Amino acid sequence: MLWEMDVNVRRKYMIEREIRFKIDDEIKSNIINTSELLEESTTCIDLCMGKYGFDSLDKLGYIIRIRNKNGKINMESKRKLENNKWNEASIPLQDIEAGFDFLKNLGLSPYLYINRTREIRKIKQAKICLDSIDLLGDYVEFELEDGFEFEDLKQYIEKNKIQGNPAPLYGDIFKECMSSLEFKEKFDNRLKEVLAKQSDK
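As the structure is a computational prediction, the values presented were derived from the model and not from experiment. (Residues numbered from 1 in each chain as written. Predicted model: local features only at pLDDT ≥ 70, side-chain atom pairs only at ≥ 80, totals over all residues. Heavy atoms only, no water.)

Q: Any chance you could explain the pattern of salt bridges here in plain terms?
A: In this structure the tally under the stated criterion is 23 salt bridges. Between E141 and R118 there is a salt bridge; the shortest N-O distance is 3.4 Å. Placement of E141 in strand β9 (residues 137-144) and of R118 in strand β7 (residues 109-122) is noted, with a sequence separation of 23 residues between them. Between D134 and R190 there is a salt bridge whose closest N-O contact spans 2.7 Å. A residue pair is termed long-range when its members are at least 10 positions apart, and D134 in the loop between β8 (126-133) and β9 and R190 in helix α6 (residues 181-199) qualify at 56 residues. Through salt bridges that share partners, E18, R20, D46, R65, R67, E76, K78, E88, R116, R118, D131 and E141 make up one connected network. (Salt bridge = Lys/Arg side-chain N within 4 Å of Asp/Glu carboxyl O. Helix = DSSP H or I, 4+ residues; strand = E, 2+ residues; numbered from the N terminus.)

Q: Would you mind going over the pairing of strand β6 (residues 85-92) with me for this structure?
A: Summarising the sheet, strand β5 (residues 72-82) and β6 pair through eight bridges and their orientation is antiparallel. Counted as the bridge partner of E82 is K85 from β6. Connecting β5 to the antiparallel partner β6 that follows it, the hairpin turn spans two residues, and N84 within it adopts a positive phi of roughly 70°. (Pairing = 2+ DSSP bridges.)

Q: What is the right way to look at helix α5 (residues 170-177) in this model?
A: Residues three or four positions apart in an α-helix share a direction because the helix packs 3.6 residues into each turn. Considered for burial, the residues of α5 that qualify are Y170, G171, I173 and F174. Along the axis of α5, the buried residues cluster in a sector spanning 160°; they form a single face. (Buried < 20%, exposed > 50% of the residue type's maximum accessible area, 1.4 Å probe, protein only. Arc of directions from axis to C-beta.)

Q: What am I meant to see in the pairing of strand β4 (residues 62-69) here?
A: Remark: a regular strand shows side chains that alternate across the two faces of the sheet. Of all eight residues making up β4, six are buried, and the element is well covered by its neighbours. Looking at chain direction, β4 and β5 are connected through eight bridges and run antiparallel. The partner of R67 across the bridge, within β5, is N74. Joining the antiparallel neighbours β4 and β5 is a turn of two residues, in which N70 adopts a positive phi near 55°.

Q: Any chance you could explain the environment of R121 here in plain terms?
A: In this structure, R121 sits in strand β7. Taking C-alpha positions, R121 is 4.9 Å from L38, a pair spaced 83 residues apart along the chain. Filtering out sequence-adjacent residues up to four positions away, R121 remains in contact with I31, I32, S35, E36, L37, L38, K127, I128 and L130. In terms of polar contacts, R121 uses its side chain to reach the side chain of E119, at 2.7 Å. (Contact = heavy atoms within 4.5 Å. Polar contact = N/O pair within 3.5 Å; in protein donor to acceptor, adjacent residues only side chain to side chain.)

Below is the structure:
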């Protein structure tokens, strides 16, 4: 991880190797019982903005989001390097409105809103994020520690009965779910509520 310091702003760069799975209550309990707590559950809200909506990642190779984690607000970029490997950078913001106005001035429009609670845990091979996501349900995300590969997680995944193929990015899951009119209506209502708050400021 590389940190660059400035008089007024701190910019953070990091390479992340991550993989995630859909889980149920039993698997979640198994993970809690076989890992160490790093950070209590916190609320995290992401507002993604792009030129091409849900196709922004495929067309441009990166996503841009404004993240509010328990009142700590950052504007972040996430560039795809290869499958399950990302280069992330972030800068702190005073408030969401500042980032929203900046990105809107560049011609970017909001297309994704993610509201989740996240508990962070740890095993030797990886940091574990237990996510409960509004409209989607529960997921576990593994972020590999340096010196380990995804193959090193295989035994832990099997031991905790985590099954199925790895899930895509949360944004891609939302995109897939949009084919359901009922889901799309619920999602659109959530996004409208967030944008209305920005318009009122």
